[in-house]
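The residues making up each chain are set out below.
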Amino acid sequence: SWNVASLRRYLTAIADDVAHLVERVVAEDRAAYIQSLETLFTHHQPSELEYRIQVPSGQIKWLSQRSFPVLDTDGHPIQVVGITSDITDRKSAELSLLKSEELLQTITETVEDFFWIDSIAECRPLYNSPKLETMWGVAADKFETLDQLLAVIIPEDCPAFEQYLVLRAQSTQT
């Protein structure tokens, strides 16, 4: 059966200094890392974790680690199989996307003008900024179709607005 001594022997086989191995894990991720090892070695359960390490150059890397014990017929672990992948680029992209989303959120909440994003091909809005309700007195979710939009435009302005949409659709096709 695996215990702390077994865990230490196993980790020592792959790293001369277990403490040094754990110390490479960024402090904020260390408790989760140790918990994943306990899950694997004490409870003989698969373990999956994303965590950060600091490599000797000082750079922080994101790793994704999946491990599981191989048990004998009596349920005792005889091997540990795992894969660790460098996911630093993916995490960097996720962080960039999050920052972009936060910036867009800030813009949409603070800009004084109404703006929208729509699909010409589907002839429907994809996004209406919150200022729509302030400016037009209609909730943004009330404009899910062109007909709903045309319903709030003054009837004599509808032909001009429809012509604008046709011209805009034609300009995106060239």
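Below, the structure is looked at part by part.

Here is what the cut-offs are and how they apply
Residues numbered from 1 in each chain as written. Predicted model: local features only at pLDDT ≥ 70, side-chain atom pairs only at ≥ 80, totals over all residues. Heavy atoms only, no water. Pairing = 2+ DSSP bridges. Helix = DSSP H or I, 4+ residues; strand = E, 2+ residues; numbered from the N terminus. Axes fitted to C-alpha atoms, helices over the stretch in contact; angles between N-to-C directions. Contact = heavy atoms within 4.5 Å. Salt bridge = Lys/Arg side-chain N within 4 Å of Asp/Glu carboxyl O. Buried < 20%, exposed > 50% of the residue type's maximum accessible area, 1.4 Å probe, protein only. Core = buried A, V, L, I, M, F, W, Y, C linked by side-chain atoms within 4.5 Å.

Quick look at the sheet that holds strand β3 (residues 77-86)
Next up, step 1: Sheet architecture is open: three strands sit in the order β1-β2-β3, paired in antiparallel fashion. Whereas interior strands pair on both sides, the edge strands pair on one side only; in this sheet they are β1 (47-54) and β3. Put simply, the sheet's adjacent strands are angled 30 degrees from each other on average, direction ignored.
Next up, step 2: In this structure, strand β2 (residues 60-71) lies alongside β3, joined through nine bridges in antiparallel fashion. By the bridge assignment for β3, R66 is matched with I83.
Next up, step 3: Against the sheet, helix α3 (residues 27-41) contacts β1, β2 and β3, and its axis sits at roughly 145 degrees relative to β1.
Next up, step 4: Docked against the sheet, helix α4 (residues 88-110) engages β1, β2 and β3, running at close to 125 degrees with respect to β2.

Some points on the pattern of salt bridges
Next up, step 1: A complete count under the given rule lists eight salt bridges for this structure.
Next up, step 2: In this structure, K61 and D86 form a salt bridge, with 3.3 Å as the shortest nitrogen-oxygen distance. Of this pair, K61 sits in strand β2 while D86 sits in strand β3, and the two are 25 residues apart along the sequence.
Next up, step 3: Residue K61 is classed as partly exposed on the basis of its relative accessible area, which comes to 22%.
Next up, step 4: On the basis of relative accessible area, D86 is assigned to the partly exposed category, the value being 46%.
Next up, step 5: Note that E94 is salt-bridged to R90, the shortest N-O span being 3.1 Å. Of this pair, E94 and R90 are both found in helix α4, four residues apart, which corresponds to roughly one turn of the helix.

Looking at the side chain of K91
Next up, step 1: Checked against the element boundaries, K91 lands in helix α4.
Next up, step 2: Not counting chain neighbours up to four residues away, the residues in contact with K91 comprise E50 and W62.

Quick word on the nonpolar core
Next up, step 1: Of all hydrophobic cores here, the largest spans 10 residues; its members are V22, V25, Y33, L37, L40, F41, L49, Y51, I53 and L63.
Next up, step 2: For this core, the element with the most residues is α3, which contributes four residues.

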